Amino acid sequence: MNIYTDYLKQIEERKVQGLHPQPIDGAELLSQIIDQIKDLNNEYREDSLNFFIYNVLPGTTRAAGVKAKFLKEIILGESVVKEITPAFALEQLAHMKGGPSVEVLLDLALGDDAAIAEDAAKVLKTQVFLYEADTERLENAFNLGSSIAKDIIESYAKAEFFTKLPDVEEEIEIVTYIAGVGDISTDLLSPGADAHSRSDRELHGQCMFEHNKDMQNELLALKEQHPDKRVMLIAEKGTMGVGSSRMSGVNNVALWTGVPFSKYVPFINFAPVIAGTNGIAPIFLTTVSVTGGIGIDLKNWEKQIDAEGNTIVDKDGEPVLKQTYSVDTGTVLTINTKTKKLYKDGEELKDISTALTPPKMEFIKAGGSYAVVFGKKLQTLACKILGIDIPQVYAASKEVSIEGQGLTAVEKIFNKNAVGTTPGKTLHAGSNVRVEVNIVGSQDTTGLMTSQELEMMAATVISPIVDGAYQSGCHTASVWDDKSKANIPRLMSFMNDFGLITGRDPKGKYFPMTDVIHKVLNDITVGDWDIIIGGDSHTRMSKGVAFGADSGTVALALATGEATMPIPESVKVTFKGQMKSYMDFRDVVHATQSQMLKQFGGENVFQGRIIEVHIGTLTADEAFTFTDWTAEMKAKASICISEDDTLIESLEIAKGRIQIMIDKGMDNAKQVLKGLVDKAETRITELKTGIKPSLRPDANAKYHAEVIIDLDEISEPMIADPDVNNEDVSKRYTHDNIRPLSFYGGTKKVDLGFVGSCMVHKGDMKILAQMLKNIEAQHGKVEFKAPLVVAPPTYNIVDELKAEGDWEVLVRYSGFEFDDNAPKGVARTGYENMLYLERPGCNLCMGNQEKAAPGDTVMATSTRLFQGRVVKDSGEKKGESLLSSTPVVVLSTILGRTPTLAEYEAAVDGIVLTKFKPSTKQLVR
């Protein structure tokens, strides 16, 4: 058997699944295919031609390098293939998006054959994915008097690669498809359990709508009925894309409803159209823009207001909604990109100008945001080479500056990190800004897609302006199965070569780490003025400002060291009152959401905005519990305003943990981790000497809203409940339903407990150990009436617990302790009533490897309560994932039910759950 016949065998196996041949990314297979093309009598020649032309992944894949080289031979006449003329070979190169194809085009354009050079130059003028090595070649040729190089650079200066693209069509006809009622999680579009297949786009497309074939067939039937229209996926009476950025979700929507990017590149579609009654979740909307899509805030259901201007509510206190126009499945609508309005039968329904801003129109025209970002950089560089001013081709950056108005924390960070703005101009919320990125994170279930995106944008090395970047192995930590063994080492090798610090060492010099990525990023972020981009919605650091992002935006940040986004509005959160001794900080987090909704009549003022939380006295570990949950508050991001001494303490902790990574051998040749330690030490010195105090907003900053959380009102533990049986489907599985412990009357059965995910920190593990000792002292023994799964977030935390004696306590009460020398090879399918000490990582929170039994009621510290995420429904009962503090979870598994307040207070007696108290200092400038 050779590699080609192996490929044919794989093709037959995929046929059984209803799949086409997998796109080729390997050099060896494509080399054999080329040999078969050259052999005119080869039995596989015709198929080989089709594979070569239509089924090779572009960019910097190894196959792309082989393809570009062969196309060059054809253009130069060194090889003759009657089916591929030199002109067709150039057309093929034009669709390969950079890397080896650009190298070949430059070879030809700067070569000795004038006719070939002219043809190659025409193709080069359409390309935007050029890097330093490419532009240096052009600049050197220009300086040596090359007229071809001058012509290409002048074209780049005018951005003809953009201006000569077809304009966006004025009218886009769409037909609606309601994908669900209420908030739609990205799990519906790309289930976590199918994370392993995300890099195989056609295969992954089969999981759309969580493998619901009826819905898939309805969508196909709708497309067949309306072949001239685009399908718009809708979250009726809800928000589309809550939960995560999920590039794979947008890819799936595009695959089913979008436009093919190139006839020579299979299964890469763009331009999806997505909508929601309450719009699109902020980070998911960014992902839509990456693919040149359109995300619409429909507002087709509105709250009813009485004569006094008050919101009318029903018997449950919920706002009464009235439909202003219908978007039922099959409704034909028109998007007008000139008037920026949505129409039905010529009648205006809604102004959608926020979905069609000038920058977004550019993304649509260019086929996605990457081409615009790279185009602007290329135009800037070309003008610099020519010594000319940059012609205004792209929409001018929106610069909002309000004289006399102070700056919020996020406005200060953006002003510090902004690129290409008017010198000396102070920018406020609403400005659209290019910013430099300090820290970048990639996680393992989206990392393979990020690596593909890097290959397709022809990037080979991390941008030198990025302070540090990390590739985790946390989302696949629970089960080291065949899928993980095939995917993760390959990912780690790619990212390590690219310049990231990787959880797993491709050379095997240090032990494989499965630390939760958000916790690692929270440690390696050592600047309170930093900007962080990470491939997960919970990229929400307690230092600096962090944005969860899709795999493509992460790739862009890695390759360019930049991101482009508007400066969001902020909501200021402060605290008053005093916490009761038996309350956990997690209860403050839930109370913040609950009190905010109460204060604003059910309106979520956090959605799409920055939560500027004046945390004051909490170090980064515990403060992260707040910022992490802001993803569930639907906020764009969160910023912690800390006292100087607290920030110093956080930086000392971070510095120590980074040093541990260095001691384990995780630093790379550029000593990235050492650089972060040095940066932390410098910042600590600045804080101690008063040279540069911690980040503070201005006293006269303007906020969209200000929320004051009254700690005196928090009298019992707070639980986020999915409310799975609510008669109004749109009210199920939201994170806004926060209930006090007493609501359950100490009677609700709990089938499984989970302490883990990014929401817990070292303190939670210590609380668990102390609770177990308390319960044994009170009752003579510790007996679990429901399983308790515990997954510490990081190995550092495990090591610290071992050093402090707490891990020994946990082991004593456990029935299972993870063994890194023999990690689980298959997912656990059943649980006994005991304590499981699992490997550090995401575990049950991800839902892609291990889950609770269908129909279980789970009490968890994690972040996700969406249907099917942690627990699926059974035929008899809906699965429930209730989210609460560590003490509530632990006690629920001991009792097998929700505890009463008296039982809870007894179990935590003498335990310091949190030291949080409102700051008494002025945290403004």
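Scroll up for the structure.
Here the structure is a predicted model, which means the values were calculated and not measured.

What counts, and at which threshold
Residues numbered from 1 in each chain as written. Predicted model: local features only at pLDDT ≥ 70, side-chain atom pairs only at ≥ 80, totals over all residues. Heavy atoms only, no water. Helix = DSSP H or I, 4+ residues; strand = E, 2+ residues; numbered from the N terminus. Rg over C-alpha atoms; globule rule 2.2 N^0.38 Å. Buried < 20%, exposed > 50% of the residue type's maximum accessible area, 1.4 Å probe, protein only. Contact = heavy atoms within 4.5 Å. Areas by Shrake-Rupley, 256 points an atom, 1.4 Å probe, with all protein chains shown as cover. Pairing = 2+ DSSP bridges. Polar contact = N/O pair within 3.5 Å; in protein donor to acceptor, adjacent residues only side chain to side chain. Salt bridge = Lys/Arg side-chain N within 4 Å of Asp/Glu carboxyl O. Phe/Tyr/Trp six-rings, centres within 6.5 Å; stacked < 30°, edge-to-face > 60°. Patch = residues over 30% accessible without salt bridge, like charges linked within 9 Å, V, L, I, M, F, W, Y side chains within 5 Å. Lys, Arg positive; Asp, Glu negative; His and termini not counted. Charge placed at Lys NZ, Arg CZ, Asp CG, Glu CD. Axes fitted to C-alpha atoms, helices over the stretch in contact; angles between N-to-C directions. Parallel < 35°, antiparallel > 145°, perpendicular 65-115°, else oblique. Left-handed = near helix turned anticlockwise from the far one by under 90°. Nonpolar A, V, L, I, M, F, W, Y, C, P; charged D, E, K, R; others polar. 1 Å grid on protein atoms, 1.4 Å probe; cavity = no way out; pocket = protein on both sides within 12 Å on 5 of 7 lines; lining within 4 Å. Points joined across faces, edges and corners; volume = space filled by probe spheres on them.

Draft legend 1. Structural view of the overall build of the chain. If you tally the helices and strands in the chain, you get 31 helices and 33 strands. On C-alpha atoms alone, the chain measures out to a radius of gyration of 28 Å, which is about the 29 Å that the 2.2 N^0.38 rule sets for 925 residues. When the 925 residues of the chain are sorted by exposure, 62% land in the buried category. If you take every contact in the chain between residues at least 6 apart in sequence, the share linking residues at least 24 apart comes to 73%. Roughly 34900 Å² of accessible area belongs to the chain as shown, and the carbon and sulfur atoms make up 49% of that amount.

Draft legend 2. A look at the sheet that holds strand S21 (residues 562-566). Across the sheet, 3 strands lie side by side as S14-S15-S21; this open sheet has antiparallel pairing. Of all the strands in the sheet, the pair left with one neighbour each is strand S14 (418-419) and S21. As paired strands, strand S15 (residues 432-436) and S21 are joined by 5 bridges and run antiparallel to one another. The residue bridging Val433 from the neighbouring strand is Met565, located in S21.

Draft legend 3. Structural context of the side chain of Asp751. Relative to the elements of secondary structure, Asp751 occurs in the loop between strand S27 (738-740) and strand S28 (752-756). Reaching out from Asp751, the side chain makes a polar contact with the side chain of Lys749 at a distance of 2.3 Å. Looking at Asp751, its side chain comes within polar contact range of the main-chain nitrogen of Thr857, at 2.7 Å. Excluding residues that lie within four positions of it along the chain, Asp751 makes contacts with Ala786, Pro787, Gly855, Asp856 and Thr857.

Draft legend 4. The pattern of salt bridges, seen in detail. Tallied over the full model, the rule gives 56 salt bridges. A salt bridge links Arg14 to Asp200; the shortest N-O distance between them is 2.7 Å. Residue Arg14 is found in helix H1 (residues 3-16), and its partner Asp200 is found in the loop between helix H11 (186-189) and helix H12 (201-205); the two are separated by 186 residues along the sequence. Neither residue differs from the other here; Arg14 and Asp200 are each classed as buried.

Draft legend 5. Up close: the packing of aromatic side chains. Counting across every chain of the model gives 22 aromatic pairs. Ring centres 4.9 Å apart and planes at 55° place the aromatic pair Phe129 and Phe374 in the tilted group. On the criterion of sequence distance, the pair formed by Phe129 in the loop between helix H7 (114-124) and helix H8 (132-143) and Phe374 in helix H17 (residues 369-386) is long-range, its members being 245 residues apart. With respect to class, Phe129 is no different from Phe374; both count as buried. Ring geometry for Phe494 against Phe498: centres 6.1 Å apart, planes inclined by 10°, an arrangement best described as stacked. Of this pair, Phe494 and Phe498 both sit in helix H20 (residues 482-498), 4 residues apart, which is roughly one turn of that helix. On the basis of relative accessibility, which here comes to 21%, the residue Phe494 falls in the partly exposed class.

Draft legend 6. Looking closely at a negative patch on the surface. A surface patch of negative charge is lined by Asp112, Asp113, Glu118 and Asp119. Inspection of the secondary structure assignment puts Glu118 in helix H7.

Draft legend 7. Spotlight on helix H18 (residues 409-417). Burial analysis of H18 places 7 of its 9 residues in the buried class, which makes it a mostly covered element. Listed as buried for H18 are Ala409, Val410, Glu411, Lys412, Ile413, Phe414 and Asn417.

Draft legend 8. Broad picture of the sheet that holds strand S17 (residues 468-471). Strand order in the open sheet made by the 5 strands is S18-S17-S16-S19-S20, with parallel pairing throughout. In this open sheet, the two edge strands, each paired with only one partner strand, are strand S18 (501-502) and strand S20 (545-548). Across 4 bridges, strand S16 (residues 439-442) lies against S17 in parallel orientation. When the sheet's bridge partners are listed, Ile439 is paired in S17 with Gly468. Of the strands in this sheet, S16 and S17 touch helix H21 (residues 517-524), which is tilted by about 165° from S16.

Draft legend 9. Representation of the pairing of strand S11 (residues 332-336). The element S11 is extensively covered by neighbouring structure, given that 4 of its 5 residues are classed as buried. Pairing of strand S1 (residues 171-181) with S11 involves 5 bridges; the strand directions are antiparallel. Counterpart to Ile174 in the pairing with S11 is Leu333. The pairing of S11 with strand S12 (residues 341-344) spans 3 bridges and is antiparallel. Considered in S12, the bridge of Thr334 is made with Tyr343. Here S11 hands over to S12 after 4 residues, with Lys340 in that stretch at a positive phi of 60°.

Draft legend 10. Here's a closer look at the environment of Ser730. With respect to the secondary-structure elements, Ser730 resides in the loop between strand S26 (718-720) and S27. A relative accessible area of 8% means that Ser730 is categorised as buried. Here the side chain of Ser730 touches Asp728 through a polar contact of 2.6 Å, side chain to side chain.

Draft legend 11. Summary view of the packing of H17 against helix H22 (residues 551-560). In the contact formed by H17 and H22, the axes pass within 11 Å of each other and the chain directions differ by 15°. By the angle between their directions, the pair H17 and H22 is classed as roughly parallel. The chirality of how H17 crosses H22 is right-handed. Here Tyr370, Val373, Phe374 and Lys377 of H17 lie close against H22, whose contacting residues are Gly552, Thr553, Leu556 and Thr560. Partitioning the contact of H17 with H22 into residue classes produces 4 nonpolar, 3 polar and 1 charged.

Draft legend 12. Fine view of the environment of Leu558. Looking at where Leu558 falls in the secondary structure, it is placed in helix H22. Residues Leu558 and Phe818, 260 residues apart in the sequence, show an inter-C-alpha distance of 34 Å. The contact partners of Leu558, leaving out residues within four places of it in the chain, are Val440, Thr450, Leu454, Val461, Ile462, Ser463, Ala469, Phe498 and Leu500.

Draft legend 13. Quick look at the packing of helix H2 (residues 27-38) against helix H4 (residues 62-75). The interhelical angle for the contact between H2 and H4, taken along N-to-C directions, is 30°, at an axis separation of 7 Å. In this view, H2 runs roughly parallel relative to H4, as classed from their interaxial angle. On H4, the residues that touch Ala27, Leu30, Ser31, Ile34 and Lys38 of H2 are Arg62, Ala63, Val66, Lys67, Phe70 and Glu73. By residue class, the composition of the contact of H2 with H4 is 6 nonpolar, 1 polar and 4 charged.

Draft legend 14. Summary view of empty space enclosed by the protein. What the rule picks out here adds up to 15 cavities of 30 Å³ or more. For the largest cavity, the calculated volume is near 210 Å³. If you go around the largest cavity, you meet 26 residues; those closest to its centre are His475, Asp536, His538, Met846 and Arg869. In terms of residue class, the lining of the largest cavity is built from 7 nonpolar, 13 polar and 6 charged. By volume, the second largest cavity is sized at about 170 Å³. Lining the second largest cavity we find 19 residues, and of these Val242, Gly243, Ala631, Glu632 and Lys634 sit closest to its centre.

Just distances and angles here, no functional claims.
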